[in-house]
Amino acid sequence: MTDKLIIFDTTLRDGEQSPGASMTKEEKLRIARQLEKLGVDVIEAGFAAASPGDFDAIRSIAEVIKDSTVCSLARANEKDVRAAGEAIKPAKRRRIHTFIATSPIHMQHKLRMTEDQVVERAVQAVKWALEYTDDVEFSAEDAVRSEMDFLIRVFDAVIKAGAKTLNVPDTVGYSIPALWGERFKDLIARVPNSDKVIWSTHCHNDLGMASANSLSAVMNGARQVECTINGLGERAGNASLEEIVMAIKTRRDVFSCDTGIDTAQIVPTSKLVSSITGYPIQPNKAIVGANAFAHESGIHQDGVLKHRETYEIMRAEDVGWGANKMVMGKHSGRAAFRARLQELGIVLDSEEAVNAAFARFKDLADKKHEIFDEDLQALVSDEEAAQVSEHYRLTAMGAHSETGKLPVARVVLSVGGKEAHADAQGGGPVDAIFKAIEQIAKSGTELLLYSVNNITSGTDAQGEVTVRLAKGGRVVNGQGADTDIVTASAKAYLNALNKLHTGTERAHPQV
Ligand code: KIV
Ligand code: ZN
């Protein structure tokens with residue numbers, strides 16, 4: 001008999017707290033649909049009280065997701081809990097996840113509350129949440145640095161109040177596997193009625209041990225793991241879903257539990273999240289990195305050819321590598337295009353949107369011989385990016401570089417409907433195009449990151465560019481894709497400028 005391990009994905013909430021990773025409603029919906037296809041049990045869709053945009057995104061996700069539970073985070077105050085309750089209302093299965101810090105350092109310096117006040121507030125928050133759903137999760141933020149006797153007191157009180165899941169977070173990524181496992185063992189042994197609730201672990205990766213710590217918690221009784229795709233998340237990120245799921249599956253001999261994840265959907269989900277957030281996947285990342293199944297040394301290659309299991313503990317196809325299909329070429333029609341988008345879980349909400357995406361597809365097919373699923377995802381992301389706001393729009397551009405001469409670029413932009421031109425020189429064509437755009441936009445932003453990834457292989461592949469800009473404490477990522485990387489760079493820069501221009505303010509749950 002194996003237990004079910006609940007996979008609670010927080011890519012859309014904790015993952016979105018990564019610098020610049022904030023997503024539009026449409027992007028969140030695409031990721032939520034893919035998470036449902038992946039088979040996650042709970043999707044933490046956001047933090048409803050953060051902003052009207054966050055509330056709206058959670059509500060839209062709650063309207064379409066049927067197989068996974070839809071959850072909103074809420075601080076332990078009435079306004080947050082009621083916002084969460086309203087946002088998840090349309091969901092078939094819904095959860096409110098409320099939290100308050102329990103460590104001396106957080107209670108004293110951040111909350112300025114006594115232990116009694118924290119317990120009282122935690123209980124009250126669970127009771128407010130129960131007005132909306134009987135599926136209430138409580139988290140003791142910074143549990144890792146909380147005193148054991150106080151943690152036991154808080155957990156005992158929230159179980160009595162009706163919480164069904166108790167989450168124990170290593171908020172600051174401080175623990176190590178042996179100690180984290182020990183903490184679960186002690187909590188489960190000492191909290192009254194601990195067998196009536198699900199124990200959950202939520203680990204951050206500051207010391208690179210988030211997945212190891214989570215798995216140690218599972219070995220000691222945790223039956224829910226909170227994790228994100230590609231380990232995205234605040235600072236060094238969260239435990240990564242793909243590592244947890246594949247460790248559980250590959251080491252059945254060690255873990256007496258199973259997940260409901262369709263592992264063949266792992267790589268497509270990872271690629272989608274990377275392309276939407278602009279966070280590239282390092283090549284040597286476990287499971288989803290480009291080299292995760294590549295054997296470079298002759299001895300390894302020889303071994304794998306003779307008997308695969310000599311060097312492989314998992315099969316690449318089991319996690320979705322090689323599942324990318326060559327979809328179409330320039331002769332493919334609208335019906336085939338629409339059908340493939342549907343299979344990828346991409347829902348375009350109007351006939352106009354389908355027509356615009358199809359026109360882009362035809363353009364791309366003229367430049368690129370084979371079109372893969374990743375190309376279609378990038379094409380739709382690009383189309384959505386163009387709709388973030390039309391304040392800055394690329395009308396035309398050109399860039400020239402020649403040996404012995406300084407590269408030059410020229411752009412024509414539409415800015416708030418008015419046309420503007422600029423020419424600039426730069427260290428390279430991308431630098432020149434950014435300078436030309438800046439001459440017009442005068443944004444005064446700081447460029448924090450510029451990265452290019454090829455979406456598929458080959459020199460005709462689309463380059464996907466991420467540009468991270470900062471201004472006045474706000475950080476945004478812009479994306480652009482094109483077979484010409486200078487064009488992709490200009491699109492990414494403008495996408496970031498448009499996000500800054502739209503600029504809706506959001507509260508951070510932990511501040
Ligand atoms: O890291 C953390 O403590 C959190 C809580 C809100 C669960 O993200
Ligand atoms: Zn967290």
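Only a predicted model underlies this, so the values are computations on that prediction, with no experimental measurement involved. (Residues numbered from 1 in each chain as written. Chains lettered and ligands numbered in written order. Predicted model: local features only at pLDDT ≥ 70, side-chain atom pairs only at ≥ 80, totals over all residues. Heavy atoms only, no water.)

J.: So what's going on with the coordination of the zinc ion (ligand 2)? Residues and values would help.
T.: With distances of 2.0 to 2.2 Å, the protein atoms coordinating the zinc ion (ligand 2) are D14 (OD), H202 (NE2) and H204 (NE2). Coordination of the zinc ion (ligand 2) draws on donor residues from a single chain, spaced D-x187-H-x1-H in sequence. Here H204 falls in the buried class, since its relative accessible area comes to 3%. (Donors = N, O, S within 2.8 Å, 3.2 Å for Na, K, Ca; no water. Buried < 20%, exposed > 50% of the residue type's maximum accessible area, 1.4 Å probe, protein only.)

J.: Can you explain the packing of helix α12 (residues 334–343) against helix α13 (residues 351–367)? Please cite residues and give values.
T.: At a closest axis distance of 11 Å, the pairing of α12 and α13 adopts a crossing angle of 105°. As summarised for this structure, α12 and α13 are arranged roughly perpendicular, according to the angle between their axes. In this structure, α12 contributes R334, F337 and R338 to the contact, and α13 contributes E351, V354, N355, A357, F358 and F361. (Axes fitted to C-alpha atoms, helices over the stretch in contact; angles between N-to-C directions. Helix = DSSP H or I, 4+ residues; strand = E, 2+ residues; numbered from the N terminus. Parallel < 35°, antiparallel > 145°, perpendicular 65-115°, else oblique. Contact = heavy atoms within 4.5 Å.)

J.: Got a sec to walk through the sheet that holds strand β4 (residues 69–75)? Specific residues and values, please.
T.: The strand order around the closed barrel built from eight strands is β2-β3-β4-β5-β6-β7-β8-β9, with neighbouring strands paired in parallel fashion. Recorded for the sheet is a direction-independent mean angle of 25° between the axes of neighbouring strands. Strand direction decides the pairing type here: strand β5 (residues 94–101) and strand β6 (residues 136–141), joined by six bridges, are parallel. Looking across to β6, one finds that A101 is bridged to E141. Running at roughly 155° to strand β8 (residues 198–203), helix α7 (residues 177–190) makes contact with β7 (165–170) and β8 of the sheet. Packed onto the sheet, helix α8 (residues 210–219) meets β7, β8 and β9 (224–227) and runs at close to 165° relative to β8. (Pairing = 2+ DSSP bridges.)

J.: Talk me through the sheet that holds strand β13 (residues 392–400); I want residue IDs and the actual numbers.
T.: The sheet built from three strands is open, its strands ordered β13-β14-β15 with antiparallel pairing. The open sheet has two edge strands with one neighbour each: β13 and β15 (418–425). Sheet twist, expressed as the average angle between the axes of neighbouring strands with direction ignored, equals 15°. In this fold helix α16 (residues 485–502) packs onto β13 and β14 (408–415), with an angle of close to 150° to the strand it touches most, β13.

J.: Help me get a handle on the site of ligand 1, residues and values and all.
T.: Every residue near ligand 1 is listed here: R13, D14, H97, F99, S139, E141, N167, P169, T171, H202, H204 and Q510. Within the contact set of ligand 1, an oxygen atom lies 3.1 Å away from a side-chain nitrogen or oxygen of H202. H204 places a side-chain nitrogen or oxygen 3.0 Å from an oxygen atom of ligand 1. Within the complex, the protein chains bury 100% of what would otherwise be the 260 Å² of accessible surface of ligand 1. Among the secondary structure elements, those contributing two or more residues to the shell around ligand 1 are β5, β6 and β7. Among the residues forming the shell around ligand 1, the class breakdown is two nonpolar, seven polar and three charged. (Near = heavy atom within 4 Å. Polar contact = N/O pair within 3.5 Å; in protein donor to acceptor, adjacent residues only side chain to side chain. Areas by Shrake-Rupley, 256 points an atom, 1.4 Å probe, with all protein chains shown as cover. Nonpolar A, V, L, I, M, F, W, Y, C, P; charged D, E, K, R; others polar.)

J.: Summarise a nonpolar patch on the surface; cite the residues concerned and give the values.
T.: Taken together, the side chains of L447, Y450, V452 and I485 present a nonpolar region at the surface, about 300 Å² in accessible area. Per-element tally for the nonpolar patch: the top contributor is strand β16 (residues 446–454), with three residues. By the secondary structure assignment, I485 is in helix α16. (Patch = residues over 30% accessible without salt bridge, like charges linked within 9 Å, V, L, I, M, F, W, Y side chains within 5 Å. Salt bridge = Lys/Arg side-chain N within 4 Å of Asp/Glu carboxyl O.)

J.: Describe the side chain of D375, with residues and values.
T.: Along the polypeptide, D375 turns up in helix α14 (residues 373–386). D375 gets classed as buried once you look at its relative accessible area, which sits at 0%. Beyond its immediate sequence surroundings of up to four residues, D375 is in contact with L364, K368, E370, I455, T456 and Q462.

J.: Describe the pattern of salt bridges, listing the residues and the values that go with them.
T.: It is possible for side chains of opposite charge to pair when their charged atoms get near one another. The full count for this structure, using the stated rule, is 32 salt bridges. Two residues, D423 and R410, come together in a salt bridge whose shortest N-O distance is 3.0 Å. Within this pair, whereas D423 is found in strand β15, its partner R410 is found in strand β14, the two being separated by 13 residues in sequence. What makes D423 partly exposed here is its relative accessible area of 44%. Taken together, the salt bridges that share partners define one network made up of E16, K28, D54 and R506.

J.: Please give an account of the environment of R190 that cites residues and values.
T.: Checked against the element boundaries, R190 lands in helix α7. In this structure the C-alpha to C-alpha distance between R190 and H204, which are 14 residues apart in sequence, comes to 25 Å. Dropping the residues within four chain positions of it, R190 is found in contact with M148, D149 and I152. Side chain to side chain, R190 and D149 meet in a polar contact 2.8 Å long.

J.: Requested: an account of the environment of V475, with residues and values cited.
T.: Within the secondary structure, V475 sits in strand β18 (residues 474–482). Taking relative accessible area as the criterion, V475 reaches 29% and is therefore assigned partly exposed. Once the C-alpha coordinates of V475 and K92 are considered, the two residues, 383 residues apart in sequence, prove to be 35 Å apart. Leaving out residues up to four positions away in the same chain, V475 has contacts with P19, G20, L448, R468, L469 and A470.

Limitation: the analysis is restricted to geometry and does not speak to function.
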